[in-house]
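Here are the chains, one letter per residue:
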Amino acid sequence: MNINLLIKLLLVLIGFTFIGLQAFQWEIAGSGISALMLIGISVLYKKFSKFFEKQFFLFLLFFTLAEIIGFVYWFIPVEWLQTLDFTYYGANLLYITAYIFLIMHVLNGIEFRKMLKRFAGPAVILLILDIFCVYIVTDTAGSDFSGAEYILEFSYNGVIMVLLSVALLNYLYKDTNKAMLFLIGAIFIVFSEIIQMAYFYIVDSNDLSATYATFLVMAFLFLYIQSQFSTSKSFSELQDEKIKVS
């Protein structure tokens, strides 16, 4: 059997296992399987991707490191975390860095000023909605945060919303299958993050845990699929070229 296909089948199995473990709230095993899944996706992309892009690989790398830290957290003595939970700050900073690389990935090859000029109205609306959503989502669990934790969570949620907004503008600008798949992946990421926050700070529910895991697996599925498409020109750019040729 082709090793590429074998890895993909194993990752599908690992993905379903992760969802099952989260559904039963087996947190330690789920965290370990999640880290294993991300390692597998990173290896698959690095070794077998037809269209390798550095920013996307760095996104996978930093996200994987954050998941590994999340798994290691379960084995750290509680007294070590009483003064400063370095796993919490370290993992979240790695997640933020990963999402910044993902934003850079989607902006790769885009004339940013041209995009903002064409979609100035939607960009302003998205900015207002982003600020509102970040404030609401962060403030929902704000009573459980210290000052530093609140700033970190606010920054984390801000980067997530910027990712979603950039993905939407990218799709409007390019109008390609790759951009559409990236947008769907970004939507699943945002949903998984919001549901995870609700699970951590509001309701300890098996359904929320399983839903978060499902959305996370779907997010990486769509993000990986879009990474296998070459960077294509926008519909408007193709139309311009057609007019010039005519």
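Heads up: these notes are all about the structure in this document. (Residues numbered from 1 in each chain as written. Predicted model: local features only at pLDDT ≥ 70, side-chain atom pairs only at ≥ 80, totals over all residues. Heavy atoms only, no water.)

1. Some remarks on the overall build of the protein
- If you tally the helices and strands in the protein, you get ten helices and zero strands.
- Secondary structure elements of the protein, listed N to C terminal, follow the sequence α-α-α-α-α-α-α-α-α-α.
- Counting every position in the protein, which comprises 246 residues, the buried fraction comes to 44%.
- A fraction of 74% describes how many contacts in the protein between residues 6 or more apart in sequence connect residues 24 or more apart.
- Total accessible area on the protein is roughly 13200 Å²; 71% of this is exposed by carbon and sulfur atoms. (Helix = DSSP H or I, 4+ residues; strand = E, 2+ residues; numbered from the N terminus. Buried < 20%, exposed > 50% of the residue type's maximum accessible area, 1.4 Å probe, protein only. Contact = heavy atoms within 4.5 Å. Areas by Shrake-Rupley, 256 points an atom, 1.4 Å probe, with all protein chains shown as cover.)

2. Digging into the side chain of Ser 34
- Structurally, Ser 34 is set in helix α2 (residues 27-48).
- By relative accessible area, which is 1% here, Ser 34 ends up buried.
- Non-local contacts of Ser 34, meaning those with residues more than four positions away in its chain, are made with Phe 18 and Glu 67.

3. Concerning the packing of aromatic side chains
- Tallying each qualifying case throughout the model produces 22 aromatic pairs.
- Seen from their ring centres, Tyr 88 and Tyr 89 are 5.1 Å apart, and the 80° between their planes marks the pair as edge-to-face.
- Tyr 88 sits in the buried class, given a relative accessible area of 15%.
- Plain terms: the ring middles of Tyr 99 and Tyr 156 are 6.1 Å apart, the flat faces sit at 90° to each other, and that makes the pair edge-to-face. Note that Tyr 99 is positioned in helix α4 (residues 86-107) and Tyr 156 in helix α7 (residues 147-174), a separation of 57 residues in sequence.
- For Tyr 156, a relative accessible area of 5% translates into the label buried.
- One aromatic cluster is present, formed by Tyr 45, Phe 52, Phe 56, Phe 57, Phe 59, Phe 63, Tyr 95, Tyr 99, Tyr 156 and Phe 220 through successive ring pairs. (Phe/Tyr/Trp six-rings, centres within 6.5 Å; stacked < 30°, edge-to-face > 60°.)

4. Digging into the packing of α2 against helix α3 (residues 54-73)
- Packing of α2 against α3 brings their axes to within 9 Å, and their N-to-C directions diverge by 160°. As judged from the angle between their axes, α2 and α3 are roughly antiparallel. In this structure, the crossing between α2 and α3 has a hand that is left-handed. Judged by residue contacts, Ile 28, Ser 31, Gly 32, Ser 34, Ala 35, Leu 38, Ile 39, Ile 41, Ser 42, Tyr 45 and Lys 46 of α2 engage Phe 56, Phe 57, Leu 60, Leu 61, Phe 63, Thr 64, Glu 67, Ile 68, Gly 70 and Phe 71 from α3.
- Taken together, the residues of the contact of α2 with α3 sort by class into 13 nonpolar, six polar and two charged. (Axes fitted to C-alpha atoms, helices over the stretch in contact; angles between N-to-C directions. Parallel < 35°, antiparallel > 145°, perpendicular 65-115°, else oblique. Left-handed = near helix turned anticlockwise from the far one by under 90°. Nonpolar A, V, L, I, M, F, W, Y, C, P; charged D, E, K, R; others polar.)

5. Observations concerning unusual backbone geometry
- One non-glycine residue, Gln 25, lies in positive phi territory at about 60°.
- The residue Gln 25 is located in the loop between α1 (3-23) and α2 in this model.
- Despite not being glycine, Asp 175 has its phi angle at roughly 55°, a positive value.
- Mapped onto the fold, Asp 175 is located in the loop between α7 and α8 (177-201).
- Judged by its relative accessible area of 42%, Asp 175 falls in the partly exposed class.

6. What to know about the pattern of salt bridges
- Taken as a whole, this structure holds one salt bridge when the rule is applied.
- The partner of Glu 53 in a salt bridge is Lys 178, with the nearest N and O atoms 3.8 Å apart. Taken together, the positions of Glu 53 in the loop between α2 and α3 and Lys 178 in helix α8 put the pair 125 residues apart, joining distant regions of the chain.
- The class of Lys 178 is buried, set by a relative accessible area of 10%. (Salt bridge = Lys/Arg side-chain N within 4 Å of Asp/Glu carboxyl O.)

7. Some points on the packing of helix α6 (residues 120-140) against α7
- Taken N-terminus to C-terminus, the directions of α6 and α7 make an angle of 150°; their axes are 9 Å apart at the nearest point. With respect to their mutual orientation, α6 and α7 come out roughly antiparallel. The two elements α6 and α7 meet at a crossing, and its hand is right-handed. Here α6 contributes Pro 122, Ala 123, Leu 126, Asp 130, Cys 133, Val 134, Tyr 135, Val 137, Thr 138 and Asp 139 to the contact with α7, which in turn contributes Tyr 150, Glu 153, Phe 154, Asn 157, Gly 158, Met 161, Val 162, Ser 165, Leu 168 and Leu 169.
- Split by residue class, the contact of α6 with α7 holds 13 nonpolar, four polar and three charged.

8. A word on the side chain of Glu 67
- Counting through the fold element by element, Glu 67 comes out in helix α3.
- Although Glu 67 is buried, it forms no salt bridge, and the closest oppositely charged side chain is Lys 46 at an N-O distance of 22 Å.
- A polar contact of 2.4 Å, which involves the side chain of Glu 67, links it to the side chain of Tyr 95.
- Other than its neighbours up to four places away in sequence, Glu 67 contacts Ser 31, Ser 34, Ala 35, Leu 38 and Tyr 95. (Lys, Arg positive; Asp, Glu negative; His and termini not counted. Polar contact = N/O pair within 3.5 Å; in protein donor to acceptor, adjacent residues only side chain to side chain.)

Distances and angles like these do not, on their own, reveal function.
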